[in-house]
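Structural characterization, general
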Amino acid sequence: MKLNGSDYHRPDVQHNNSLTTMTILDGKKVSNDIKDEITAEVKKMKDNGEKVPHLAAVIVGNDGASLTYVGSKVRACERVGFESTMVRLSNTTSEIELLDKIEELNNNEDIDGFIIQLPLPPQINTQKVLMAVHPDKDVDGFHPMNFGKMALDMSTFIPATPFGILELLDRYNVDTKGKHTVVIGRSHIVGRPMSILMGRKGFPGNSTVTLTHSHTKNITQIISQADIVISALGVPNFLKAEMVKDDAVIIDVGITRVPDETLPKGYKITGDVDFENVSKKASYITPVPGGVGPMTIAMLLKNTLLARERHRLL
Ligand code: NAP
């Protein structure tokens, strides 16, 4: 087991067949560290009389979860000293209207990067919209040019959630070389890029990766062989203790709102992992909330800082 100074360490947990202990991968703490680092960079920019990074977020419609996510992103911008702009469009916005707005943001010299919050209403073709974002401003890393560069190990914007997971593994010095990583879920924003990144040359990486999905046969057996499990399917408590091997590293990407009338909001946020029991077997594990979620926002900020730096050099 490895411990960094800040790790939450539970020496009371002794695993069935080993003497290792479990470490929580504390995304909340690490994301705050990253935000502090970005804040310091922004201060330097201000002290030098330079323009600070400016992130715009476009939201179409009134989806509660999407509004919450965009609100958190805007607050995170304020926290580090970025400028931010929220563009709110109605649920009835046409594809052409959204494409016009994207063109405007592409041409706005003041905006360094922008995101289109997903999901979009059904009248809009998501792929067409994401392709319209200029690759230099695509801080979500969803444009095919950026995705391709990522797959070819070229410098680019890495999608924020996989980027956040890499950063967590890196900062906790979790060994990935030669390990068997099983990724559950093959979405374009999490599972697919994660599988590419874990298999790349370098650290974190050099893993042997199995990418699983809803058509995977014998998924339980495959997961039981994993040294590292990255779960991104969105099925609450899908991953049970009996499915993972002792000392596995568990990354829980899932965020599902599960109704809970005892809470003021009427729901609770639940991950893909049965945390209470899986944590007793894991060597490292991310909690939900407080794991991958906050890292995603921190890495969006990092991508925006990168976009500003590139923009400045043009
Ligand atoms: P998604 O588009 O919702 O797709 C789910 C994936 O899981 C699909 O590839 C699907 O397979 C697979 N899947 C579904 N049921 C399965 C099963 N029983 N066994 C194996 N695979 C199964 O994926 P997503 O957008 O990546 O979202 C996944 C979860 O992560 C959601 O809870 C989402 O809210 C959360 N999320 C969290 C963050 C964060 O910052 N923490 C960021 C993004 C997403 P098929 O391809 O065969 O349909």
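Everything below is about the structure shown above.
**Re the sheet that holds strand 5 (residues 113-116)**
Strand pairing in a sheet relies on backbone hydrogen bonds, with the paired strands running either antiparallel or parallel. Here three strands make up an open sheet; going across it, the order is 4-3-5 and the pairing parallel. On the outer flanks of this sheet lie strand 4 (83-89) and strand 5, each paired with one strand and no other. Averaged over all adjacent pairs, the angle separating strand axes in this sheet is 15 degrees, with direction ignored. In the sheet, strand 3 (residues 54-60) pairs with strand 4 via seven bridges, with the strands oriented parallel. From the neighbouring strand, Ala57 faces strand 4, where its bridge partner is Met86.

**Description of the pattern of salt bridges**
Here the structure, examined in full by the defined rule, presents 14 salt bridges. A salt bridge links Glu167 to Lys302, with the nearest nitrogen and oxygen atoms 3.9 Å apart. Of this pair, Glu167 sits in helix 6 (residues 160-171) while Lys302 is found in helix 10 (residues 292-313), placing the two residues 135 residues apart along the sequence. Taking the relative accessible area as the measure of exposure, Glu167 reaches 11% and is therefore buried. What makes Lys302 partly exposed here is its relative accessible area of 27%. A cluster of three or more residues bridged by salt bridges with shared partners is formed by Glu37, Glu167, Arg171 and Lys302.

**As for unusual backbone geometry**
In this chain, Leu118 is followed by Pro119 through a cis amide linkage whose omega measures 0 degrees. At the junction of Phe203 and Pro204, the peptide bond is cis and its omega measures out at -10 degrees in the coordinates. Looking at the element boundaries, Pro204 is found in the loop between helix 7 (191-199) and strand 7 (208-212). Although it is not a glycine, Asn206 adopts a positive phi angle of roughly 55 degrees. Overall, Asn206 belongs to the partly exposed group, its relative accessible area being 32%.

**Some thoughts on the site of the ligand**
Near the ligand lie 22 residues; those nearest to it are Arg186, Ser187, Ser214, Ile255 and Thr296. Arg186 places a side-chain nitrogen or oxygen 2.7 Å from an oxygen atom of the ligand. Thr296 has a polar side-chain atom sitting 2.8 Å from an oxygen atom of the ligand. With the chains in place, 69% of the 920 Å² that the ligand exposes on its own is no longer accessible. Take the shell around the ligand: its biggest share by element is three residues, from helix 10. Residues belonging to the shell around the ligand are distributed by class as follows: 10 nonpolar, 11 polar and one charged.

**What about a nonpolar patch on the surface?**
Taken together, the side chains of Tyr69, Ile255 and Ile269 define a hydrophobic patch exposed on the protein surface, amounting to about 230 Å² of accessible area. Structurally, Ile255 is set in the loop between strand 9 (249-252) and strand 10 (256-259). Using a relative accessible area of 41% as the deciding quantity, one classes Ile255 as partly exposed.

Cut-offs and rules
Residues numbered from 1 in each chain as written. Predicted model: local features only at pLDDT ≥ 70, side-chain atom pairs only at ≥ 80, totals over all residues. Heavy atoms only, no water. Pairing = 2+ DSSP bridges. Helix = DSSP H or I, 4+ residues; strand = E, 2+ residues; numbered from the N terminus. Axes fitted to C-alpha atoms, helices over the stretch in contact; angles between N-to-C directions. Salt bridge = Lys/Arg side-chain N within 4 Å of Asp/Glu carboxyl O. Buried < 20%, exposed > 50% of the residue type's maximum accessible area, 1.4 Å probe, protein only. Near = heavy atom within 4 Å. Polar contact = N/O pair within 3.5 Å; in protein donor to acceptor, adjacent residues only side chain to side chain. Areas by Shrake-Rupley, 256 points an atom, 1.4 Å probe, with all protein chains shown as cover. Nonpolar A, V, L, I, M, F, W, Y, C, P; charged D, E, K, R; others polar. Patch = residues over 30% accessible without salt bridge, like charges linked within 9 Å, V, L, I, M, F, W, Y side chains within 5 Å.

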